Structure formats: C-alpha cells, structure tokens
Amino acid sequence: MKVIIAGAGIGGLATALSLHAAGITEVTIYESVTELRPLGVGINLLPHAVRELTELGLGDELARLGVPTSTLKYFNCFGHEIWSEPRGISAGYAWPQYSVHRGELQMLLRDAVETRLPGSIVLGSPVISTELRDEGQTVHIRGRDGAEHTDVADVVIAADGIHSAIRKQRYPAEGAPVWNGLMLWRGTARVKPFLDGRSMFMAGDGRQKFVAYPLSEAGDDGLARINFIAEKRIDGDHDGLNNWNLAVDKQRIVDLFREWQFEWIDIPTLIGAADEVLEYPMVDRYPVDRWTFDRQTLLGDAAHAMYPIGSNGASQAIIDARTIANHLATAESIDAALLSYEQLRLPLTAGLTLSNRSLGPERVMQLAYERAPDGFANIHDVASAEELAAIADQYKRAAGFNPQLLNERPTLSVAREENHR
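Not measured: the values here are computed from a predicted model.

### Observations regarding the pattern of salt bridges
Taken as a whole, this structure holds 26 salt bridges when the rule is applied. Between Arg-225 and Asp-275 there is a salt bridge whose closest N-O contact spans 2.9 Å. A residue pair is termed long-range when its members are at least 10 positions apart, and Arg-225 in strand β16 (residues 224-233) and Asp-275 in the loop between α6 (267-272) and β18 (277-284) qualify at 50 residues. Judged by its relative accessible area of 58%, Asp-275 falls in the exposed class. A salt bridge links Arg-252 to Glu-279, with the shortest nitrogen-to-oxygen separation between them at 3.7 Å. On the criterion of sequence distance, the pair formed by Arg-252 in helix α5 (residues 250-256) and Glu-279 in strand β18 is long-range, its members being 27 residues apart. In this structure, a network of salt bridges that share partners links the residues Arg-51, Glu-52, Glu-55, Arg-322 and Arg-409.

What follows is the structure in structure tokens.
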C-alpha cells in the first residue's frame, strides 16, 4: 500500500510514524515549505496524545522536551480561584500531560520520520489537487521550480491544515475560516515561575482571557520560559484575519492587561518580557458531513480546525493519525478502513468543535463572571463543587481523555504479524 500525506505538520508527521509502526512503509509526505524549522509557541499535549506518542516509541524524547503539567487552575479577572484540578499522572492517568514548544515537537517528529522512513519528506512541494484515475489517487504537486508534476498512491491523507487545498477541492464554496470576534496574542518570556512551576492557568471570561504555562524548568538564574496567550474580543471587522503570525507592538497588549496583577503573577510584566508577540484571529471551521472521498480523507486541522480551547488541536490530530493507521492496517479493505476512521473520528471531533464554541471546559470562567461579575469571596457561593466538576468531566469524556476510560482503552498499536499489507 502506498500512502501520500499532504503536509508535514504535527498531524502529517504523526501519521507517517503511525503508518510505519503499523507496517505500512511506502509513505511520502509532500510539504509546502522549503525548510522545516522550530516555529511557533507552546502547546499542551493531553494524556491521550502522550499515550499515542509513547506507544510510537517517543516517550523518553517527549519527557526531555516537555514540562509535565501538575495542575490546571481557572481564575476570574481579579485572580480569584474558580476551579483547580490535578493533571497527568497526579490525576490518575497512566501518562503525563506535557507543555511543549510546538516547533520543537514538530522537529522531534520530523527527526523520527527521517530515521524510520528516510527520504519520505519532500519539501517545497505543496499538494494542489487530487483526482481518481484507473491507476489510483493521482496527486498534483507544485515543485520547487514552480512546475506541476504528479504522483500516484493507493491512499491520500490531507493533513495540510486549516487552509487545506484538498478540503477546498471538496468544499469549494466553504470560504475562509470563521472568526468569532476574539483576537489572540501569543508569546514566550523568561520570567520567574508561578505557582508550583508546573501549573497551567487560565484567567478571565468570554470577553478577555489570559493563559500561561511553563515550557521549561527554572534555570540557574531562577527564570523559566513561560508561554502565554492573551485574548480579547474586538469590536467590528478586522483587516488582519488572513495575516497570521503578525508581530505586534507588545505594549498594546500590556496596556490591555494593565490591571491584571495578582499576588502570584504580574501579567503585564510577563507580557512585557516577551521576545515578541504574535497576533492570531481565533477561527475555526464548521464541521462537515464527510472527510472521505474515494480513497482520500482529511486529518487534523484539515478535517476539524477548532478553537484553541481545552488544549485539543494537536492532541486530536495525533489521535487521528493513530486511528487511521490502525484501520488501514487491520480493515478488510482500504475503503472499509477509511469509512471506519471517519465514522469514529468525525462525530467526536465535530462535537468538540461545537463544544469549544461554547467554551468547553472554560465555561467555569464564564459561569463565574455571569453570576459574580465583581468577584466573590468563595467560589462555592457562586457555583457548587459538583457543578464545576461536572463541566470538567463532561469535556474529558467528550474529548476522549477521561482517566479511567483512557487507561482502560485498548491500544491503537498494530502487531506486525496482524498486518499483511
């Protein structure tokens, strides 16, 4: 079986590694950029994604790369604690949760692909369209010289992101990603750690929010690399929705959060210490009814671009990767494999996309704001522990990382002797 993957992001690289682990080794990844570099800022890998990377043999490298998250805490804009829960091993998972630099994770996956599937990554060669011919799925690629050429595969997997060319081919009238009126500003800074040095926190509500977590332990100078995401609702239209990774004057963002100084963290100082601040619109795409057409399918953001709520984007792409590899290696036919992959993953991720539009687990912050906009002395005067816990557990179950269910779920790994492809 020959598989072509469009895109060498986290989802595409994880797919290649998953296929290799399942015994499918004729794999080519076509990527638009001419050089893969460790770009971006931080992301969180939840235990269900860490499980999959560990079962791909990357557990030790991931442990060296990431900071294991100890606790997730939610606060209002005054720094009053709304909800706190342990994460990773402390929460009863068999696998940790990690905060990692997105680009460093991508490089880890790239290096593993180059070791296990040497020569499989073709850079400077975006997939521009596909078509079904007698010989199989024909893929049209634009080479570095600008000329178009073709390749043929039994299966094509589109992991080419929120602006996927393959998705656009199937849904030409879909248009641009959908903006919800919120603007994000991301950055990293070396500052003193907060709380226990391994916690992730979110503060605010649906109007304005701040998120931060460590990407490193504290060094000899007492400083740690902290990743942050600042967020605020913007009135009216915005002319920068297609200008991703736009560097902006960080003083603007400092001023937006001028009053957010808590006993345990000074948010304006954290923003001001950033190397640079990058602006992103908060966008997603509406769920679609189908991912699979003939013998090609969608994966990751190409399939289910969602708001960065609940730390689920990269994690869901990794689970997509493992799921499709499992089914391609074990189903009776390619068609059956792609159908079962879609039937399993599409409803779940569509539900997550819509849940994230309703704030997902972050509903606890909006609930606190709506019931106590001026703050509170005790959160349980505003919401019961049971109500808050139910919101957290509901999202874990929907996203597939309830501790008991994840720990007991059978592996997606495929024994080589079971794979005859």
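This is not the end of the story, as more comes after the structure.
### Topic: the environment of Arg-167
Relative to the helices and strands, Arg-167 is located in helix α4 (residues 165-170). Arg-167 sits in the buried class, given a relative accessible area of 2%. Residues Arg-167 and Gly-219, 52 residues apart in the sequence, show an inter-C-alpha distance of 44 Å. The contact partners of Arg-167, leaving out residues within four places of it in the chain, are Glu-174, Arg-285, Tyr-286, Val-288, Leu-298, Ala-302, Ala-303 and His-304. Within polar-contact distance, the side chain of Arg-167 engages the side chain of Glu-174 at 2.5 Å.

### Describing the sheet that holds strand β7 (residues 98-101)
Spatial strand order, β3-β7-β4: three strands in an open sheet with antiparallel pairing. Strands at the two margins of the open sheet, each flanked by one partner only, are β3 (42-45) and β4 (67-68). Bridge count between β3 and β7: four bridges; the pairing is antiparallel. For Gly-42, the partnering residue across the bridge sits in β7 and is His-101. Along the sheet face, helix α2 (residues 47-65) touches β3, β4 and β7 and points at about 125° away from the line of β3.

### Remarks on the nonpolar core
Counting 74 residues, the largest nonpolar core has Ile-5, Leu-45, Leu-53, Leu-105, Leu-109 and Leu-328 as the members making the most contacts within it. When residues no more than four places from it in sequence are discounted, the contact partners of Leu-45 are Val-50, Leu-53, Leu-62, Gln-97, Tyr-98, Val-100, Leu-105, Ala-314, Ser-315 and Ile-318. Trp-179, Trp-185, Ala-203 and Ile-265 belong to the second-largest nonpolar core, a separate cluster that totals 31 residues.

### Describing the environment of Asp-374
Within the secondary structure, Asp-374 sits in the loop between α10 (363-371) and α11 (385-399). The exposure class of Asp-374 is exposed, given its relative accessible area of 71%. For the pair Asp-374 and Cys-77, spaced 297 residues apart in sequence, the C-alpha to C-alpha distance is 9.3 Å.

### Brief notes about the sheet that holds strand β5 (residues 71-75)
Reading across from one edge, β6-β5-β14-β15-β16-β13-β18-β17 is the order of the eight strands in this open sheet, with mixed pairing throughout. Each having just a single partner strand, β6 (81-86) and β17 (246-248) make up the two edges of the open sheet. If you compare each strand with its neighbour and ignore which way they point, the axes differ by 20° on average. Across 10 bridges, strand β13 (residues 178-191) lies against β16 in antiparallel orientation. When the sheet's bridge partners are listed, Arg-190 is paired in β16 with Arg-225.

### Describing the packing of helix α1 (residues 10-21) against helix α8 (residues 313-330)
Where α1 contacts α8, the two axes come as close as 8 Å, and the packing angle between them is 30°. Judged by the inter-axis angle, α1 sits roughly parallel to α8. Seen along the crossing, α1 lies across α8 with a hand that is right-handed. On the side of α1, the interface is formed by Ile-10, Gly-11, Ala-14, Thr-15, Ser-18 and Leu-19, while α8 contributes Ala-314, Ala-317, Ile-318, Ala-321, Arg-322, Ile-324, Ala-325 and Leu-328. Residue composition of the contact of α1 with α8, grouped by class: 10 nonpolar, three polar and one charged.

### A closer look at the side chain of Asp-205
Structurally, the position occupied by Asp-205 is in the loop between β14 (199-204) and β15 (208-214). In terms of polar contacts, Asp-205 uses its side chain to reach the backbone amide nitrogen of Arg-207, at 2.9 Å. Setting aside residues up to four positions removed in sequence, Asp-205 forms contacts with Met-365, Gln-366 and Tyr-369.

### Structural notes on the side chain of Ser-340
Topologically, Ser-340 is positioned in helix α9 (residues 334-357). Among the polar contacts listed, one links the side chain of Ser-340 to the backbone oxygen of Ala-337, at a separation of 2.9 Å.

### Describing the packing of aromatic side chains
This model, assessed by the stated rule, comprises 13 aromatic pairs. Relative to Phe-201, the ring of Phe-194 lies with its centre 5.2 Å away and its plane at 90°, an arrangement referred to as edge-to-face. Accessibility assignment for this pair places Phe-194 and Phe-201 in one class, buried. The buried category is assigned to Phe-201, whose relative accessible area is 0%.

### Notes on the pairing of β5
Summarising burial for β5: five of the five residues are buried, a large majority. Pairing geometry for β5 and β6, over five bridges, is antiparallel. Counted as the bridge partner of Lys-73 is Ser-84 from β6. Hairpin connection of β5 to β6: five residues between the antiparallel strands, including Gly-79 at a positive phi of 85°. As judged from the five bridges shared by β5 and β14, these two strands associate in the parallel manner. Within β14, the residue paired with Lys-73 across the bridge is Phe-201.

The rules behind each value
- Residues numbered from 1 in each chain as written.
- Predicted model: local features only at pLDDT ≥ 70, side-chain atom pairs only at ≥ 80, totals over all residues.
- Heavy atoms only, no water.
- Salt bridge = Lys/Arg side-chain N within 4 Å of Asp/Glu carboxyl O.
- Helix = DSSP H or I, 4+ residues; strand = E, 2+ residues; numbered from the N terminus.
- Buried < 20%, exposed > 50% of the residue type's maximum accessible area, 1.4 Å probe, protein only.
- Contact = heavy atoms within 4.5 Å.
- Polar contact = N/O pair within 3.5 Å; in protein donor to acceptor, adjacent residues only side chain to side chain.
- Pairing = 2+ DSSP bridges.
- Axes fitted to C-alpha atoms, helices over the stretch in contact; angles between N-to-C directions.
- Core = buried A, V, L, I, M, F, W, Y, C linked by side-chain atoms within 4.5 Å.
- Parallel < 35°, antiparallel > 145°, perpendicular 65-115°, else oblique.
- Left-handed = near helix turned anticlockwise from the far one by under 90°.
- Nonpolar A, V, L, I, M, F, W, Y, C, P; charged D, E, K, R; others polar.
- Phe/Tyr/Trp six-rings, centres within 6.5 Å; stacked < 30°, edge-to-face > 60°.

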